[in-house]
Amino acid sequence: MQAAFMAQRFQVAGRLVTVDATGSGNVNETFQAIFRTVYSEERFFLQRISPNVFKEPERVMENMLYVTSFVHQRLEDEGSFSDRIWQLPRIIPAKDGKYFTIDGDGYYWRAITAIASASSYNSIQSPEHAYEIGAVLGHFHRIFSELDVNHLYDTLPGFHITPQYLAQLDQVLQTTEAKERLASSAVAGNVLKFIDRHRDSISVLEDAKARGELILRPIHGDPKTANIMIDDATGKGTSIIDLDTVKPGLIHYDLGDCLRSCCNPAGEDTTELSNVFFDSDLCEAVLLGYKEHSRNFLTDADKEYLYDAIHLITLELAIRFFTDYLAGDVYFKIRHAGQNLERARVQIKLCQSIEARRPQIKRLAEAL
Ligand code: GN1
Ligand code: MG
């Protein structure tokens with residue numbers, strides 16, 4: 001098996017015991033590998049970076065190296081003052097000293113340490129879990145804000161620039177394949193109608209950025225529930241994982257993405273649409289954790305656009321899943337046909353629920 005072969009190219013002591021696909025993540029191929037020596041064991045993640053998504057994998061790894069080196073130092077410096085041991089995975093170098101290795105077909109592989117005795121969840125487990133997710137995002141935003149944005153490559157141009165996703169949808173809609181898929185499904189037609197009704201709100205964050213009200217800062221890019229590790233022993237958040245999309249952006253992309261993910265108790269891959277809604281109590285818990293651990297990092301302008309961010313990033317993900325469904329599933333991995341359309345419907349249902357709770361969400365933002 002190729003993953004087993006690639007796992008042995010990294011600087012890990014001992015002999016390979018198993019390497020299993022984890023099945024999580026919508027973009028990269030991820031495996032968990034176990035190596036053993038006569039007295040210890042090491043578990044780590046082995047990943048094949050998606051070439052459909054990341055066109056410059058070396059830059060992704062350079063960003064990751066810069067971010068992890070900087071953050072590890074900061075976590076150590078602050079260690080004795082903090083209420084817990086904050087963690088961040090480390091890149092395991094290949095045997096030749098590089099931070100990736102390339103297989104015979106040109107795919108990039110990397111190895112990343114696993115955060116031990118901690119778990120991540122695809123959907124929220126409790127209000128305490130929501131608070132801890134907010135705490136982790138707030139903590140890392142505070143530390144990430146000290147990174148020099150000029151040192152970070154934009155590894156995914158257009159990522160979270162919502163008007164560009166809409167333009168891509170419009171382009172895909174011109175293709176024969178998309179027209180056929182649309183014509184054969186009333187559900188797809190309704191998704192498109194919903195998106196069409198929201199065209200006016202698509203550039204709300206980009207416009208605020210252009211007016212200088214919101215500024216570029218280092219962001220995580222993908223702070224969904226599944227990317228936040230919770231310590232099994234204490235129940236506290238301990239780490240944020242998946243550093244592929246750390247890059248300059250608006251922190252609203254992160255806040256919106258984290259809240260759309262955490263506040264939908266059904267999770268984003270459910271097929272039970274009736275269970276999907278935006279839970280504003282969970283939103284309050286996330287924001288409380290965020291506020292305490294970011295140490296009041298948000299400005300008034302940041303708070304002003306919080307509702308828009310939650311609504312927009314949810315709508316954006318609906319557009320992204322829907323576009324990929326129409327294009328023949330070229331970006332997000334699927335486990336069954338039609339999954340990207342199902343995912344788009346979940347985000348639309350969530351968007352409707354966010355709209356219905358606009359006053360509550362606005363009040364929570366004002367109270368921050
Ligand atoms: C993708 O691969 P994964 O699961 O980490 C995507 C995010 C989406 C997310 C939705 C680089 O993340 O933007 O919000 O799926 N990542 C990329 O689950 O496009
Ligand atoms: Mg990701």
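Model, not experiment: these values are computed from the prediction.

Conventions and cut-offs
- Residues numbered from 1 in each chain as written.
- Chains lettered and ligands numbered in written order.
- Predicted model: local features only at pLDDT ≥ 70, side-chain atom pairs only at ≥ 80, totals over all residues.
- Heavy atoms only, no water.
- Helix = DSSP H or I, 4+ residues; strand = E, 2+ residues; numbered from the N terminus.
- Rg over C-alpha atoms; globule rule 2.2 N^0.38 Å.
- Buried < 20%, exposed > 50% of the residue type's maximum accessible area, 1.4 Å probe, protein only.
- Contact = heavy atoms within 4.5 Å.
- Areas by Shrake-Rupley, 256 points an atom, 1.4 Å probe, with all protein chains shown as cover.
- Lys, Arg positive; Asp, Glu negative; His and termini not counted.
- Charge placed at Lys NZ, Arg CZ, Asp CG, Glu CD.
- Donors = N, O, S within 2.8 Å, 3.2 Å for Na, K, Ca; no water.
- Arc of directions from axis to C-beta.
- 1 Å grid on protein atoms, 1.4 Å probe; cavity = no way out; pocket = protein on both sides within 12 Å on 5 of 7 lines; lining within 4 Å.
- Points joined across faces, edges and corners; volume = space filled by probe spheres on them.
- Domains from an automatic or database assignment.
- Buried area = accessible area lost by both parts, 1.4 Å probe.
- Salt bridge = Lys/Arg side-chain N within 4 Å of Asp/Glu carboxyl O.
- Near = heavy atom within 4 Å.
- Polar contact = N/O pair within 3.5 Å; in protein donor to acceptor, adjacent residues only side chain to side chain.
- Nonpolar A, V, L, I, M, F, W, Y, C, P; charged D, E, K, R; others polar.
- Phe/Tyr/Trp six-rings, centres within 6.5 Å; stacked < 30°, edge-to-face > 60°.
- Pairing = 2+ DSSP bridges.

1. A closer look at the overall build of the protein
Turning to step 1, where the next piece is worked out: The number of helices and strands found in the protein is 13 helices and 11 strands.
Turning to step 2, where the next piece is worked out: Against the globule reference of 21 Å for 368 residues, the protein gives a C-alpha radius of gyration of 20 Å, in line with a compact fold.
Turning to step 3, where the next piece is worked out: On the principal axes, the C-alpha backbone points of the protein span a range of 60 × 50 × 40 Å.
Turning to step 4, where the next piece is worked out: Residues counted as buried form 54% of the 368 residues belonging to the protein.
Turning to step 5, where the next piece is worked out: Taking contacts inside the protein between residues at least 6 apart in sequence as the whole, the part at least 24 apart equals 74%.
Turning to step 6, where the next piece is worked out: Approximately 16,300 Å² of the protein is accessible, and the part contributed by carbon and sulfur atoms is 49%.
Turning to step 7, where the next piece is worked out: Charge separation in the protein, taken as the distance between the mean sites of 39 positive and 51 negative side-chain charges, equals 2 Å.

2. Things to note about the coordination of the magnesium ion (ligand 2)
Turning to step 1, where the next piece is worked out: Protein-derived coordination of the magnesium ion (ligand 2) comes from Asp222 (OD) and Asp242 (OD), at a distance range of 2.0 Å. Pair noted here: aspartate 222 is in the loop between β8 (217-219) and β9 (228-231) and aspartate 242 is in the loop between β10 (237-240) and β11 (247-249), with a separation of 20 residues, a long-range link.

3. Considerations on helix α13 (residues 358-366)
Turning to step 1, where the next piece is worked out: Among the residues of α13, Ile361, Leu364 and Ala365 are the ones counted as buried. The buried residues of α13 occupy an angular sector of 100° when the element is viewed end-on, so they sit on one face. Exposed and oriented more than 90 degrees from the buried face of α13 are Arg363 and Glu366.
Turning to step 2, where the next piece is worked out: Taken together, the buried residues of α13 touch α9 (280-294), α10 (300-304), α11 (306-327) and α12 (339-356).

4. Some details on the layout of surface pockets
Gaps between atoms show up when a probe of the same size as a water molecule is rolled over them.
Turning to step 1, where the next piece is worked out: Taken as a whole, the second largest pocket spans an internal volume of roughly 520 Å³.
Turning to step 2, where the next piece is worked out: If you trace the second largest pocket, you find 23 residues lining it, with Asn52, Pro157, Tyr165, Gln168 and Tyr331 closest to the centre.
Turning to step 3, where the next piece is worked out: Among the elements of the structure, α4 (162-172) and α11 are those that each provide at least two residues to the lining of the second largest pocket.
Turning to step 4, where the next piece is worked out: Three or more residues apiece are contributed to the lining of the second largest pocket by two domains, here domain 1 (1-114) and domain 2 (116-368).

5. Thoughts on the domain arrangement of the protein
Turning to step 1, where the next piece is worked out: According to the domain assignment, the protein contains domain 1 (1-114) and domain 2 (116-368).
Turning to step 2, where the next piece is worked out: For domain 1 and domain 2, the distance between their C-alpha centres works out to 25 Å.
Turning to step 3, where the next piece is worked out: Listed by partner, the interface residues are 32 residues for domain 1 and 36 residues for domain 2.
Turning to step 4, where the next piece is worked out: For the pair domain 1 and domain 2, the summed buried area comes to about 3,200 Å², and 54% of that belongs to carbon and sulfur atoms.
Turning to step 5, where the next piece is worked out: At the junction of domain 1 with domain 2, the criterion picks out six salt bridges.
Turning to step 6, where the next piece is worked out: The salt bridge involving aspartate 83 is made with lysine 236; its shortest N-O contact spans 3.7 Å.
Turning to step 7, where the next piece is worked out: Element by element, the count of residues in the side of domain 1 that touches domain 2 is highest for helix α2 (residues 57-78), at 13 residues.

6. Considerations on the site of ligand 1
Turning to step 1, where the next piece is worked out: Taken together, 16 residues sit near ligand 1, with Asn26, Lys224, Glu268, Arg320 and Tyr331 positioned nearest.
Turning to step 2, where the next piece is worked out: Lysine 224 is positioned with one of its side-chain polar atoms (N or O) 2.5 Å from an oxygen atom of ligand 1.
Turning to step 3, where the next piece is worked out: Here tyrosine 331 contributes a side-chain N or O atom positioned 2.5 Å from an oxygen atom of ligand 1.
Turning to step 4, where the next piece is worked out: Bound to the protein, ligand 1 loses 95% of the 440 Å² it would expose on its own.
Turning to step 5, where the next piece is worked out: Its residues assigned to classes, the shell around ligand 1 shows seven nonpolar, three polar and six charged.
Turning to step 6, where the next piece is worked out: Two domains each put at least three residues into the shell around ligand 1: domain 1 (1-114) and domain 2 (116-368).

7. Notes on the pattern of salt bridges
Turning to step 1, where the next piece is worked out: A complete count under the given rule lists 21 salt bridges for this structure.
Turning to step 2, where the next piece is worked out: One salt bridge in this structure joins aspartate 257 and arginine 260, with 2.9 Å as the shortest N-O distance. Taken together, the positions of aspartate 257 and arginine 260, both in helix α8 (residues 251-262) and three residues apart, correspond to about one turn of that helix. Arginine 260 shares its class with aspartate 257; the two are buried.
Turning to step 3, where the next piece is worked out: A salt bridge links arginine 260 to glutamate 268, with the shortest nitrogen-to-oxygen separation between them at 2.8 Å.
Turning to step 4, where the next piece is worked out: By relative accessible area, which is 3% here, arginine 260 ends up buried.
Turning to step 5, where the next piece is worked out: When salt bridges that share partners are traced, they join Arg74, Glu78, Arg142 and Glu146 into one network.

8. Observations regarding the packing of aromatic side chains
Turning to step 1, where the next piece is worked out: Applying the stated criterion across every chain yields a total of seven aromatic pairs.
Turning to step 2, where the next piece is worked out: Judged by centre distance (5.9 Å) and plane angle (55°), the rings of phenylalanine 140 and phenylalanine 144 are tilted. Taken as a pair, phenylalanine 140 and phenylalanine 144 lie in helix α3 (residues 127-144) at a separation of four residues, close to a single helical turn. Residues phenylalanine 140 and phenylalanine 144 agree in their burial class; the two are buried.

9. A short note on the pairing of β9
On a regular strand, one side chain projects to one face of the sheet and the next to the other, so that they alternate.
Turning to step 1, where the next piece is worked out: Two elements, strand β7 (residues 118-119) and β9, share two bridges in a ladder whose sense is antiparallel. Opposite alanine 118, over in β9, you have aspartate 231 as the bridge partner.
Turning to step 2, where the next piece is worked out: Bridge count between β9 and β10: three bridges; the pairing is antiparallel. Residue pairing in the sheet places isoleucine 230 in a bridge with glycine 237 of β10.
Turning to step 3, where the next piece is worked out: If you look at the hairpin formed by β9 and β10, you'll find five residues sitting between the two strands, and glycine 235 has a positive phi there, around 80°.

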